[in-house]
Amino acid sequence: MIFSLNATVPVFLMMVLGYFLHKTPLVDDSFATKMNNFVFKAALPVQLFKNLSEADFYSVWDGKIVIFCFVVSLLSILIALGLSFLLKDKSLRAEFTQSGYRSSQALLGAALMENIYGNTGPLALILLGAVPLYNVAAVILLTLMAPDGHLNRKTILKTVKGIVTNPIILGIAAGLLWSLLRIPQPTMFSNTVSTFAATATPLGLIALGASIDLKKAVACVKPTLLCSSLKLIFFVAVFLPLAVMIGCRGQMLVAMLIMLGSPTTATSFNMARSMGHEGTLSASTVMVTTMGSAFTFTFWLYLLKSMGLV
């Protein structure tokens, strides 16, 4: 239990700090938004690049893991989509689906991996297997299930461009290529990259905490609780044993837990609003899963540690 609490409590205390800083003039909405953009578009990609570029490509790459993450992500999307038809309000179905499968594994996951192991390790492979599918599915669902929604050439091109230019994907690709080619890193370069990458975790957690709005978390209680249970409990209970069966242990298994059981990413709210949806369910699920994961993730990690799997 101490191992689990040491891994999770500091991460969530940083988010609590961000929440209270948002109540002061130090961190207003504009600053929190800019800080969040900085983390996703600059600091986090550099952090992933650093961890991959310093590793041996041939020992890091595992195609089986990438394929497994893709298949599990696809199944998660289909399950969330199927359950969304239980909602009487059709306007909530796309938001429910996206919020149910889309994890904050890049930001919160990276913070947890850093706190437990001191590096993000195999998380890059998890991101590579899941993030492109996350983005494609989100655009298709939010477009087709919006009022008068339909896919067109412009939307498809925008989706492809968004994936190709995704900073997270670019950081992973650059790191893998650097490691594959075994390009040396001068000390000045390495130290600069390390210092810059170190800003990702604290700034990202503060920005995430600053974005929490407790009023929105209670806006649509029933679908929010169902979606949050799906995100924090169901997918972990169903798919994590499969990860154990294919041989995942230690750091890789924790990375799988992060993919399956980390809270819904705040990006889901931004995408929903920008594509014509109301966004309340997305915002509520982000808040509830972010707060709830402090307990559920600690429980899952404690369970894995007790079983000797991590």
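Residues numbered from 1 in each chain as written. Predicted model: local features only at pLDDT ≥ 70, side-chain atom pairs only at ≥ 80, totals over all residues. Heavy atoms only, no water.

Draft legend 1. Local environment of the nonpolar core. Membership of the largest hydrophobic core comes to 79 residues, with the highest contact counts inside it found for Ile126, Leu240, Leu253, Met256 and Met259. Top contributing element to this core by residue count: helix 7 (residues 123-144), with 14 residues. Aside from chain neighbours lying at most four places away, what touches Leu253 is Leu240, Ala243, Val244, Cys248, Leu304, Leu309 and Val310. With six residues, the next largest nonpolar core counts Val27, Met35, Ala207 and Ala210 among its residues. (Core = buried A, V, L, I, M, F, W, Y, C linked by side-chain atoms within 4.5 Å. Buried < 20%, exposed > 50% of the residue type's maximum accessible area, 1.4 Å probe, protein only. Helix = DSSP H or I, 4+ residues; strand = E, 2+ residues; numbered from the N terminus. Contact = heavy atoms within 4.5 Å.)

Draft legend 2. Looking closely at helix 16 (residues 280-306). End to end, helix 16 covers 38 Å across 27 residues, agreeing with the expected 39 Å (1.5 Å per residue, within 8%). The largest bend in helix 16 comes to about 45°, at Ser293. Two residues or fewer past helix 16, Gly308 is found with a positive phi of approximately 75°. (Expected span 1.5 Å × (residues − 1). Bend = angle between axes of the 7 residues up to and from the residue.)

Draft legend 3. Structural context of the pattern of salt bridges. Evaluation of the coordinates by the stated rule reveals one salt bridge. We note a salt bridge from Lys50 to Glu54, for which the minimum N-O separation is 3.5 Å. Here Glu54 falls in the partly exposed class, since its relative accessible area comes to 43%. (Salt bridge = Lys/Arg side-chain N within 4 Å of Asp/Glu carboxyl O.)

Draft legend 4. The arrangement of the confidence of the model for the chain in detail. Counting all residues, the mean pLDDT for the chain is 86, and 97% of those residues have values of 70 or more. Between the elements of the chain, mean pLDDT differs from a low of 70, seen in helix 12 (residues 214-217), to a high of 95, seen in helix 4 (residues 63-84). (pLDDT = per-residue confidence, 0-100.)

Draft legend 5. Main features of the environment of Asn270. Tracing the backbone through its elements, the reader meets Asn270 in helix 15 (residues 267-274). Separated by 12 residues in the primary sequence, Asn270 and Ser282 place their C-alpha atoms 8.7 Å from one another.

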